[in-house]
Amino acid sequence: MKVLLFARCLSATLLVALLAGCALPSAPDTAGAPTAPAEITQLREQLQQTDARLQRLQDSLVMLEVRIIDQQRLVTSLRQQLAGNSGLTVPTDSANLSQKSPAELYLAAFGDYTSGRFQKAIEGFTAFLRFYPSNDYAVNALFLLAESFLAQGDYQQAATGFTRMLKEYPQSEKAPDALLRLAAVQHALKQPEQAAATLQQLRQRYPNSAAAHKAATAEP
């Protein structure tokens, strides 16, 4: 009898232990875990820090573009001085521009641009756009016209040229570069708010463009 009673007591004890093991698990201790609002606040702070760093990088890129513009002006000035000292004269074309074909007019202006004769390039591209505004090369002419003004340090005319190109050809493959150059020109004109807005347009409209990547990866 004692053995049977002991066995029953042991069975009862094991049953109680088994039932206790099958009980619902207690809620985990979350006292040390961050709450959802705290996580959201932390993410917002990290995002703000990232945005601030991106803005600094973009400002640095704009300053780099401004320095490039200044170097271009210096090179242009040196070329003009060398031409004057050596007695060289810039060749002029006495032919009636309106009688030239689109290809002749464009190539002549492009040749002047690549040779550093920016005033001649301005005259040529302006004539091309006046006589052949619907030509396939009109967008290139507009961009290079603005670049020619930029090379001469005429920031206002350069800004006008880039703005016109962006307005008339927003889907052009040159549009992202035009926005980047326009931001640099606006910065040179002491218009930081307009420059920031232009860079924002670049990020929003052409996020995958090379110009946008340049703005995002520029060194501070």
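Below, the structure is looked at part by part. Computed from a predicted structure; not experimentally measured. (Residues numbered from 1 in each chain as written. Predicted model: local features only at pLDDT ≥ 70, side-chain atom pairs only at ≥ 80, totals over all residues. Heavy atoms only, no water.)

### Describing the packing of aromatic side chains
Inference 1: Per the counting criterion, the structure on display carries 7 aromatic pairs.
Inference 2: Seen from their ring centres, tyrosine 113 and phenylalanine 118 are 5.8 Å apart, and the 70° between their planes marks the pair as edge-to-face.
Inference 3: Exposure remark for phenylalanine 118: the relative accessible area of 10% places this residue in the buried category.
Inference 4: Taken together, the ring pairs in this structure connect Tyr106, Phe110, Phe125, Phe128, Tyr132 and Tyr137 into an aromatic cluster.
Inference 5: The ring of phenylalanine 131 carries the charged tip of arginine 130 above its face, separated from the ring centre by 4.6 Å.
Inference 6: The positively charged end of lysine 174 is found above the aromatic ring belonging to phenylalanine 143, 5.0 Å away from the centroid. (Phe/Tyr/Trp six-rings, centres within 6.5 Å; stacked < 30°, edge-to-face > 60°. Buried < 20%, exposed > 50% of the residue type's maximum accessible area, 1.4 Å probe, protein only. Lys NZ or Arg CZ within 6 Å of the ring centre and 35° of its normal.)

### Brief notes about the nonpolar core
Inference 1: The biggest cluster of nonpolar side chains holds 41 residues, and the ones touching the most others in it are Phe125, Leu129, Phe162, Met165, Leu166, Val185 and Leu202.
Inference 2: At the level of secondary structure, the elements contributing two or more residues to this core comprise helix 3 (102-114), helix 4 (118-131), helix 5 (138-151), helix 6 (155-168), helix 7 (175-188), helix 8 (192-205) and helix 9 (210-217).
Inference 3: Broken down by element, this core gets its largest block of residues, 11 residues, from helix 5.
Inference 4: If sequence neighbours within four positions are ignored, leucine 202 has contacts with Pro176, Leu179, Leu180, Pro207, Ser209, Ala211 and Ala212. (Core = buried A, V, L, I, M, F, W, Y, C linked by side-chain atoms within 4.5 Å. Helix = DSSP H or I, 4+ residues; strand = E, 2+ residues; numbered from the N terminus. Contact = heavy atoms within 4.5 Å.)

### Considering helix 7
Inference 1: Spanning 14 residues, helix 7 covers 20 Å between terminal C-alpha atoms, matching the ideal 20 Å at 1.5 Å per step.
Inference 2: Burial within helix 7 is extensive, with 12 of its 14 residues counted as buried.
Inference 3: All of the buried residues in helix 7 are Ala175, Pro176, Ala178, Leu179, Leu180, Arg181, Leu182, Ala183, Ala184, Val185, Gln186 and Ala188. (Expected span 1.5 Å × (residues − 1).)

### What about the pattern of salt bridges?
Inference 1: As enumerated under the stated definition, the model contains 3 salt bridges in all.
Inference 2: For aspartate 112, the salt bridge goes to arginine 117, with nearest N and O atoms at 2.9 Å.
Inference 3: What makes arginine 117 partly exposed here is its relative accessible area of 27%. (Salt bridge = Lys/Arg side-chain N within 4 Å of Asp/Glu carboxyl O.)

### Here we look at the packing of helix 7 against helix 8
Two measures define how a pair of helices packs: the angle their axes make with one another and the distance between the axes.
Inference 1: Where helix 7 meets helix 8, the closest approach of the two axes is 8 Å, and the angle between their N-to-C directions is 165°. As judged from the angle between their axes, helix 7 and helix 8 are roughly antiparallel. In terms of crossing hand, the pair formed by helix 7 and helix 8 is left-handed. Each of Pro176, Leu179, Leu180, Leu182, Ala183, Gln186 and His187 in helix 7 lies in contact with helix 8, whose residues at this interface are Gln194, Ala195, Thr198, Leu199, Gln201 and Leu202.
Inference 2: By residue class, the composition of the contact of helix 7 with helix 8 is 8 nonpolar, 5 polar and no charged. (Axes fitted to C-alpha atoms, helices over the stretch in contact; angles between N-to-C directions. Parallel < 35°, antiparallel > 145°, perpendicular 65-115°, else oblique. Left-handed = near helix turned anticlockwise from the far one by under 90°. Nonpolar A, V, L, I, M, F, W, Y, C, P; charged D, E, K, R; others polar.)

### Let's talk about the packing of helix 5 against helix 6
Inference 1: It is at 7 Å that the axes of helix 5 and helix 6 come closest, and there the two elements cross at 165°. With respect to helix 6, the element helix 5 is oriented roughly antiparallel. Here helix 5 and helix 6 pass one another in a crossing that is left-handed. Here Val139, Leu142, Phe143, Ala146, Glu147, Phe149 and Leu150 of helix 5 lie close against helix 6, whose contacting residues are Tyr155, Gln157, Ala158, Gly161, Phe162, Arg164, Met165 and Glu168.
Inference 2: Broken down by class, the residue content of the contact of helix 5 with helix 6 amounts to 10 nonpolar, 2 polar and 3 charged.

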